[in-house]
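A structural walkthrough
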Amino acid sequence: MCYSSIALRYQNIPLNDTGIKQDEALRENVKDVKSDVAYISPLKRTAKTAEIAVGDRSEIIYDDRLVERSFGFWRALKLLWTT
């Protein structure tokens, strides 16, 4: 197995087409929710989600503490055991 192909940290990947469709549905579900602020992680896909679902209805604040956790070595082990 090539260890270089295993991602050991979170990936800052953009939102895919499925995610965009889900966010459009989310926008419809939360259109009547009143909120002054939305706290999100600085990852590309969460920024896009906020842009689609919240738009300009709330202030968007990026917070590095909201980035998903990286399990590093332990994640790699799980990938090796399942392949």
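For the structure itself, look to the data block above.
Residues numbered from 1 in each chain as written. Predicted model: local features only at pLDDT ≥ 70, side-chain atom pairs only at ≥ 80, totals over all residues. Heavy atoms only, no water.

Our focus in this paragraph is the environment of D64. Here D64 lies in the loop between β2 (59-62) and α3 (72-82). In this structure, the C-alpha to C-alpha distance between D64 and L43, residues 21 residues apart in sequence, is 8.8 Å. (Helix = DSSP H or I, 4+ residues; strand = E, 2+ residues; numbered from the N terminus.)

With respect to the helices, strands and loops of the structure, D63 is situated in the loop between β2 and α3. For D63, a relative accessible area of 14% corresponds to the buried category. Engagement of the side chain of D63 in a polar contact is seen with the side chain of R65, the distance being 2.6 Å. Beyond its immediate chain neighbours, meaning those up to four positions away, D63 contacts I40, S41 and P42. (Buried < 20%, exposed > 50% of the residue type's maximum accessible area, 1.4 Å probe, protein only. Polar contact = N/O pair within 3.5 Å; in protein donor to acceptor, adjacent residues only side chain to side chain. Contact = heavy atoms within 4.5 Å.)

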